[in-house]
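Tertiary structure, described
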Amino acid sequence: MAKTTGPSATFCFQDFLTSFVVLAENGVIEWYNSAAAGTLVGKNGRGRLFSEMLAEAAKFGTISKTAVGRIIAGIETGSTTFRLEDARTFLLHSHVSKSSIYVEWTDISSVFSDAGGRDPTTGLFTRREFLVVIDNLLAQNSARHFIFDLRLDNFKDVNELFGHAVGDHLLRRVSERISGQIRIAEARLAHVGGGEFLFVATEDEALPLTEVLLDLLSRPHLVDGKMVYPTVSIGVAIADGSNAETVLRNASLALKKARAEGGNQAVTFTTEMHEAMQRKRMLETELRKALAMRELSLVYQPQFRVKGRRLVGFEALLRWNHPDHGSISPAEFIPLAEELGLILPIGEWVLRTACRKAASWPPGISISVNISPLQFRSTTIVSSVKTALENSGLDPRRLDLEVTEGAILMNSAPIMETFRQLKAIGVRFSMDDFGTGYSSLSYLQKFPFDKIKIDQSFVRSLSANRDSLAIIRSVCALGKTLGLTTIAEGVETEEQMSQIEKKGCQQVQGYLTGRPLAPDVADRLVASSA
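If you're wondering where the values come from, they're calculated on a predicted model, not measured in any experiment.

Details of the overall build of the protein
Across its full length, the protein holds 20 helices and 21 strands. Taking 24 Å as the expected radius of gyration for a compact globule of 530 residues, we find that the protein reaches 33 Å, considerably beyond that expectation. Counting only C-alpha atoms and orienting by the principal axes, one finds that the protein spans roughly 105 × 55 × 40 Å. The buried share of the protein, taken over its 530 residues, is 48%.

Okay, here's the thing in structure tokens:
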């Protein structure tokens, strides 16, 4: 920051490359050097309002209205950066004395570029440069533009399989293909890391562009003698009256939705996505509190033997009753717990609580506990189960761990060892959601399951879909052949009960025989069934 307190000192700035302006308290220009005249002030600035000179510079295309706002705000706060339309970037400082305001701005374009103004791999803008592009578009308030956030779905795999040199070559090839589809691409395209690109398209370009890019970029690429088969996901947002960060956030949310739905597609931002993101952020914060505040609880859904409808056990189901937002669905908060890494402490709490409750019931009543894939693949699962059993005194043979195909899909050797150790102490296993995966039959052969849970989707469609009835009949026959118990979940009507009984299903669970019960109500059911 230049420091000066009197008119005699101003001449020392006359030949500096740094632009310098002295303003009166009312914003009128008292003095400026030649560098300032060559950027924002012009030749006849003395005696005029600095804000007027900035407005004229914007009118003649020297600077954007957004940059004008940044300069005025920077004078008040003491510093800022701004960019001229010729792409030069400046650092501005201001200092207020008793009677004058000293403002200086220095061209830092070379420093800006060296610090990452251009992506070294592709030569494109970085995210920081791209933000300036969006700011300028929003300031122009002209025809609508669309912001695209595009990501190569399998770029990480390309790097791991073929090396980073091939990955970098692929990035350059992709940037060339995108550039060929948008106007003045060199000023509207950025590479922001990994396999992610940002770019701007006009309204007439945007409508056909998504389909063109999905097709063009998903074609095979021959890179350094390697055939690469990429797929892409695209998020699209309208560059409306929001600021640049908001527009990019919207495009990013749309991209996340495209990837969450399987990738290789384009999704346009909607306000519902922002609302969903806000709710997710709220739940992330609240879920961390829920464990400490004891907002999580278990309910117990009874399981019955089909013949005679005798009570044989319960499934422990997790619930979250938030003090302000009420009951929150497990389908919403359990995936979030997995994403946040909270599923392990939550899962351990569920095991301890369920085992302790089951230990208070007669020996013939078992307890089923759902184990998430992350929890089952953790190195602590065996010790967690053993601790829960030892502390509660529950017979291990009364504990039934329900695992889905997702829990055993990978790392079969460690998973098999987990099965072996827990089976050795007497714990039983159920294959949950049977029939909804890809390789359930092979898993039944490979892993030592004791029970098959027929997914409720087959039970619900019994009356309308013959295939569902055939699947249930086949699963029951398979269970009998392999010596496995079969249990149908989601049974809600007597007709469904009759059908599954005819097909040989041994156990049942659903609203027909009993809704999930509070612990004390489950205790009363156990007592009445004794």
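Brief notes about the pattern of salt bridges
One pass over the structure, following the stated rule, counts 21 salt bridges. A salt bridge links glutamate 339 to lysine 280; the shortest N-O distance between them is 2.9 Å. Of this pair, glutamate 339 sits in helix 11 (residues 330-340) while lysine 280 sits in helix 10 (residues 271-293), placing them 59 residues apart in sequence. Between lysine 423 and aspartate 450 there is a salt bridge, and its shortest N-O distance comes to 2.9 Å. In this pair, lysine 423 sits in helix 15 (residues 412-424) while aspartate 450 sits in the loop between helix 16 (440-446) and strand 19 (451-454), placing the two residues 27 residues apart along the sequence. Residue aspartate 450 is classed as buried on the basis of its relative accessible area of 15%. Look at the salt bridges and you will find they share partners, linking Glu315, Glu402, Lys453 and Glu489 into a network.

As for the nonpolar core
Core analysis: the largest hydrophobic core is formed by 72 residues, its most contacted members being Phe314, Ile367, Phe376, Leu399 and Leu401. Broken down by element, the residue count for this core peaks at 7 residues, all from helix 12 (residues 343-358). Judged by nonpolar contacts, the second largest core, of 27 residues, contains Leu150, Val166, Leu214 and Val223.

Here we look at the layout of surface pockets
If you add up the space inside the largest pocket, you get close to 1,000 Å³. In terms of lining residues, the largest pocket is bounded by 37 residues, among which Glu315, Leu317, Pro330, Ile334 and Asn370 are the most central. Secondary structure elements with two or more residues in the lining of the largest pocket: strand 14 (311-322), helix 11, helix 12, strand 16 (366-370), helix 13 (373-377), strand 18 (428-434) and helix 17 (456-460). Within the lining of the largest pocket, the residues separate by chemical class into 15 nonpolar, 11 polar and 11 charged.

Some words on the packing of aromatic side chains
Summed over the entire model, instances satisfying the criterion amount to 13 aromatic pairs. Their ring planes at 90° and their centres at 5.6 Å tell us that tryptophan 320 and phenylalanine 333 sit as a pair that is edge-to-face. In this pair, tryptophan 320 sits in strand 14 while phenylalanine 333 sits in helix 11, placing the two residues 13 residues apart along the sequence. Judged by its relative accessible area of 0%, tryptophan 320 is buried. Aromatic rings pair up to connect Phe376, Phe419, Phe429, Phe447 and Phe449 into one cluster. Stacked on the ring of tyrosine 511, the Lys or Arg arginine 515 has its end atom at 4.0 Å from the ring centre.

Details of the confidence of the model for the protein
If pLDDT is low for a region, its predicted coordinates should not be looked at in detail. Across the protein, pLDDT averages 85, with 91% of residues at or above 70. For the protein, per-element mean pLDDT is lowest for helix 4 (residues 109-117), which scores 51, and highest for strand 16, which scores 97. Scored below 50 in pLDDT, residues 1-16 makes 26 contacts in the model with residues more than four places away or belonging to other chains. Confidence drops under pLDDT 50 across residues 111-116; counting only partners more than four residues distant or on other chains, this segment forms 8 contacts.

A look at the sheet that holds strand 1 (residues 19-24)
Strand pairing in a sheet relies on backbone hydrogen bonds. The paired strands run either parallel or antiparallel. Strand order in the open sheet made by the 5 strands is 2-1-5-4-3, with antiparallel pairing throughout. Every interior strand has two partners, whereas the edge strands, strand 2 (29-32) and strand 3 (79-83), have only one. For this sheet the average axis-to-axis angle between neighbouring strands, irrespective of direction, equals 20°. Here strand 3 runs beside strand 4 (residues 89-96); their pairing, made up of 5 bridges, is antiparallel. Within strand 4, the residue paired with arginine 83 across the bridge is threonine 89. In the packing of helix 1 (residues 34-41) onto the sheet, the strands contacted are strand 1, strand 2, strand 3, strand 4 and strand 5 (100-107), and the crossing angle to strand 1 comes to about 85°.

Thoughts on helix 18 (residues 466-482)
A rise of 1.5 Å per residue sets the reference length of helix 18, with its 17 residues, at 24 Å; its end C-alpha atoms lie 25 Å apart and thus fit the reference within 8%. Buried within helix 18 we find Ser468, Leu469, Ile472, Val475, Cys476 and Gly479. One side of helix 18 carries all its buried residues, which in axial view fall inside an arc of 125°. In helix 18, the exposed positions angled more than 90 degrees off the buried face are occupied by Arg466, Asp467 and Thr481. Where the residues of helix 18 are buried, they touch strand 18, strand 19, helix 17, strand 20 (485-489) and helix 19 (494-502). Looking one or two residues beyond helix 18, the residue adopting positive phi is glycine 483, at roughly 75°.

Topic: the side chain of serine 392
Following the sequence through the fold, serine 392 ends up in helix 14 (residues 381-392). One polar contact links the side chain of serine 392 to the main-chain amide nitrogen of leucine 394, over a distance of 3.2 Å. Leave out the neighbours within four places in its chain, and serine 392 touches Cys355, Arg356 and Ala359.

With respect to a nonpolar patch on the surface
On the surface, Leu222, Met227 and Tyr229 cluster together into a nonpolar patch covering about 330 Å² of accessible area. Structurally, the position occupied by methionine 227 is in strand 10 (residues 226-228).

Quick word on the environment of arginine 294
Within the element layout of this structure, arginine 294 appears in the loop between helix 10 and strand 13 (296-305). A residue is classified by how much of its surface remains accessible, and arginine 294, at 76% relative accessible area, is exposed. A C-alpha to C-alpha distance of 55 Å links arginine 294 and glutamate 176, two positions 118 residues apart in sequence.

What counts, and where the lines are drawn
- Here, residues in each chain are numbered from 1, in the same order as that chain's written sequence.
- For a predicted model such as this one, the threshold for reporting local features is a pLDDT of at least 70, and the threshold for listing and counting side-chain atom pairs is 80 or more; totals across whole chains, interfaces and linings nevertheless cover every residue.
- Water and hydrogen atoms play no part in the side-chain values, which are based on all heavy atoms of the structure.
- By definition, any uninterrupted DSSP run of H or I lasting at least four residues is a helix, any uninterrupted run of E lasting at least two residues is a strand, and each is numbered from the N terminus.
- Atoms counted for the radius of gyration: C-alpha only. Globule rule: 2.2 Å times residue count to the power 0.38.
- Exposure is judged per residue with a 1.4 Å probe applied to protein chains only, and the accessible area is read against the type maximum: over 50% gives exposed, under 20% gives buried, and values in between give partly exposed.
- Salt bridge, as used here, is a side-chain nitrogen of Lys or Arg placed within 4 Å of a carboxyl oxygen of Asp or Glu.
- To define a nonpolar core, start from buried Ala, Val, Leu, Ile, Met, Phe, Trp, Tyr and Cys residues and group those joined through side-chain atoms within 4.5 Å.
- Cavities and pockets were defined on a 1 Å grid built over protein atoms only: a cavity is a set of grid points that admits a 1.4 Å probe from which the probe cannot escape, a pocket is an open set flanked by protein on both sides within 12 Å along at least five of seven lines, and lining residues are those with an atom within 4 Å of any such point.
- Grid points are joined across faces, edges and corners, and a volume is the space filled by probe spheres set on the points.
- Residues are sorted three ways: Asp, Glu, Lys and Arg are charged, Ala, Val, Leu, Ile, Met, Phe, Trp, Tyr, Cys and Pro are nonpolar, and all the rest, Gly among them, are polar.
- A pair of aromatic rings is counted whenever rings of Phe, Tyr or Trp (Trp by its six-membered ring) have centres within 6.5 Å, and the orientation is called stacked for planes under 30 degrees apart, edge-to-face for over 60 and tilted otherwise.
- Both a distance and an angle decide whether a charge sits over a ring: NZ of Lys or CZ of Arg must be within 6 Å of the ring centre and within 35 degrees of the ring normal.
- Per-residue confidence from the prediction method is given by pLDDT, with values spanning 0 to 100.
- Contact definition: two residues touch when any of their heavy atoms are within 4.5 Å.
- One requirement defines pairing of two strands: DSSP has to find at least two bridges between them.
- Angles run from 0 to 180 degrees between N-to-C directions of axes, and those axes are lines fitted to C-alpha atoms, restricted for helices to the stretch in contact.
- Take the number of residues in a helix, subtract one, and multiply by 1.5 Å to get its expected span.
- By arc we mean the arc of the directions from the helix axis to the C-beta atoms, nothing more.
- Whenever two N or O atoms come within 3.5 Å, that pair is a polar contact, provided that in protein one can donate a hydrogen and the other can accept it, and provided that, for residues adjacent in sequence, both atoms are side-chain atoms.
- Patch building starts from residues that exceed 30% relative accessible area and form no salt bridge, then joins like charges within 9 Å and nonpolar side chains (Val, Leu, Ile, Met, Phe, Trp, Tyr) within 5 Å.
- Working definition of accessibility: Shrake-Rupley area with a 1.4 Å probe, residue cover restricted to the visible protein chains.

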